Amino acid sequence: DLDLHYSNQDLTLAAVVKQPQIQPLTIKGHVPLDLESTVKKAKIDPTLPLDLQVQLPPSSLAVVPKLTNQVRRIDGTIGLDVRVAGTAEKPVLSGAAALDLKNARFENESIPSLGVFKAQLAFKEDTLNFNTFEGEVGGGKLKLGGAVKLVKLTEPTFDLRLQADEVLV
């Protein structure tokens with residue numbers, strides 16, 4: 001379901017994606033947008049205020065093989081609650097994303113399987129933090145920590161640490 005409304009230089013969005021195997025994915029947003037000026041300049045005003053929220057209650061990943069033929073089987077859940085505020089040039093993030101994966105197998109046998117894998121991501125101001133991002137990959141253990149700074153959306157700064165033990169690459 002999609003409700004997109006534009007009038008008096010004001011754009012609002014309300015969307016709900018429904019699929020029987022997952023909880024409803026809800027997207028809501030509001031932007032004061034001068035569409036005519038944006039089209040003429042062929043770029044978005046960097047001072048454009050943002051207000052966007054995306055929510056997905058913890059949902060089964062079993063639907064993924066129906067969406068792509070690259071995944072043979074997947075068992076786990078994913079949840080998301082993220083808000084983007086601030087401006088187009090300087091977005092302010094808040095919220096979290098969580099992944100709890102029991103296992104995943106791919107159609108391409110050369111891609112290693114994923115075992116128990118957990119991720120807890122936190123969005124705060126201009127930073128995506130990897131609070132937990134670890135699991136089993138190809139028979140070994142993998143752990144990722146750190147953050148990605150998004151001072152400018154087009155120029156992310158990565159500060160990540162990867163630790164692997166007997167991971168098949």
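Participant: Help me understand the overall build of the protein, please; the structure alone is not making it clear to me.
Facilitator: Helix and strand counts for the protein come out as 2 helices and 10 strands. Secondary structure elements of the protein, listed N to C terminal, follow the sequence β-β-β-α-β-α-β-β-β-β-β-β. When the backbone C-alpha atoms are referred to their principal axes, the protein occupies close to 55 × 40 × 25 Å. Taking all 169 residues of the protein together, the buried fraction comes to 27%. Looking at the protein alone, contacts between residues at least 24 apart form 39% of all its contacts between residues at least 6 apart.

Participant: Help me understand the environment of D100 in this model?
Facilitator: Here D100 is to be found in strand β6 (residues 91-106). Overall, D100 belongs to the partly exposed group, its relative accessible area being 30%. Taking the C-alpha atoms as reference points, D100 and K40, 60 residues apart in sequence, are found 45 Å from one another. If we ignore the near neighbours within four places in the chain, the residues touching D100 are G76, T77, F117 and K118. Side-chain polar atoms of D100 contact the side chain of K118, separated by 2.8 Å.

Participant: How do you make sense of the sheet that holds strand β10 (residues 157-165) when you look at a structure like this?
Facilitator: To summarise the sheet geometry, strands pair through backbone hydrogen bonds and adopt either a parallel or an antiparallel arrangement. The sheet built from 10 strands is open, its strands ordered β1-β2-β3-β4-β5-β6-β7-β8-β9-β10 with antiparallel pairing. A single partner strand is all that each edge strand has here, and the edge strands are β1 (2-7) and β10. Each neighbouring strand pair of the sheet contributes to a mean axis angle of 5°, computed without reference to strand direction. One ladder, built from 8 bridges, connects strand β2 (residues 10-19) with strand β3 (residues 22-31); its direction is antiparallel. Residue pairing across strands places V17 opposite L25, the latter belonging to β3.

Participant: Sorry if this is basic, but what is going on with the packing of aromatic side chains here?
Facilitator: Both the distance between ring centres and the angle between the ring planes are used here to describe each pair of aromatic rings. Considering all chains together, one arrives at 2 aromatic pairs under this definition. Plain terms: the ring middles of F117 and F133 are 5.1 Å apart, the flat faces sit at 90° to each other, and that makes the pair edge-to-face. Taken together, the positions of F117 in strand β7 (residues 114-125) and F133 in strand β8 (residues 127-137) put the pair 16 residues apart, joining distant regions of the chain. Here F117 falls in the buried class, since its relative accessible area comes to 7%.

Participant: Where do I start with the nonpolar core in this structure?
Facilitator: The biggest cluster of nonpolar side chains holds 11 residues, and these are V82, V84, L93, A97, L121, F123, L128, F130, L144, V148 and L150. Within the residue set of this core, elements represented by two or more residues are β5 (71-86), β6, β7, β8 and β9 (140-149). Setting aside residues up to four positions removed in sequence, L121 forms contacts with G95, A96, A97, L128, N129, F130 and F133. Core analysis: the next-biggest nonpolar cluster, separate from the first, contains 9 residues, V71, I74, F106 and V137 among them.

Participant: It is not clear to me how the pattern of salt bridges should be interpreted in this structure. Could you clarify?
Facilitator: Side chains bearing opposite charge may pair, as long as their charged atoms lie close to each other. Evaluated as defined, the whole model comprises 8 salt bridges. Two residues, K40 and E36, come together in a salt bridge whose shortest N-O distance is 3.2 Å. Highlighted residues: K40 and E36, both in helix α1 (residues 35-41), separated by 4 residues, approximately one helical turn. Each member of the pair, K40 as well as E36, is classed as exposed.

Participant: Please explain the confidence of the model for the protein as it appears in this structure.
Facilitator: Any residue range with low pLDDT should be treated as having predicted coordinates unsuitable for detailed reading. Within the protein, residue pLDDT values average 92, and 99% of them lie at 70 or more. Confidence scores differ between elements of the protein, with α1 showing the lowest mean pLDDT of 88 and strand β4 (residues 52-60) the highest of 96.

Participant: Where do I start with the side chain of T38 in this structure?
Facilitator: Counting through the fold element by element, T38 comes out in helix α1. Setting aside anything within four residues of it in sequence, one finds T38 in contact with L33, K43 and I44.

What counts, and where the lines are drawn
- Residues numbered from 1 in each chain as written.
- Predicted model: local features only at pLDDT ≥ 70, side-chain atom pairs only at ≥ 80, totals over all residues.
- Heavy atoms only, no water.
- Helix = DSSP H or I, 4+ residues; strand = E, 2+ residues; numbered from the N terminus.
- Buried < 20%, exposed > 50% of the residue type's maximum accessible area, 1.4 Å probe, protein only.
- Contact = heavy atoms within 4.5 Å.
- Polar contact = N/O pair within 3.5 Å; in protein donor to acceptor, adjacent residues only side chain to side chain.
- Pairing = 2+ DSSP bridges.
- Axes fitted to C-alpha atoms, helices over the stretch in contact; angles between N-to-C directions.
- Phe/Tyr/Trp six-rings, centres within 6.5 Å; stacked < 30°, edge-to-face > 60°.
- Core = buried A, V, L, I, M, F, W, Y, C linked by side-chain atoms within 4.5 Å.
- Salt bridge = Lys/Arg side-chain N within 4 Å of Asp/Glu carboxyl O.
- pLDDT = per-residue confidence, 0-100.

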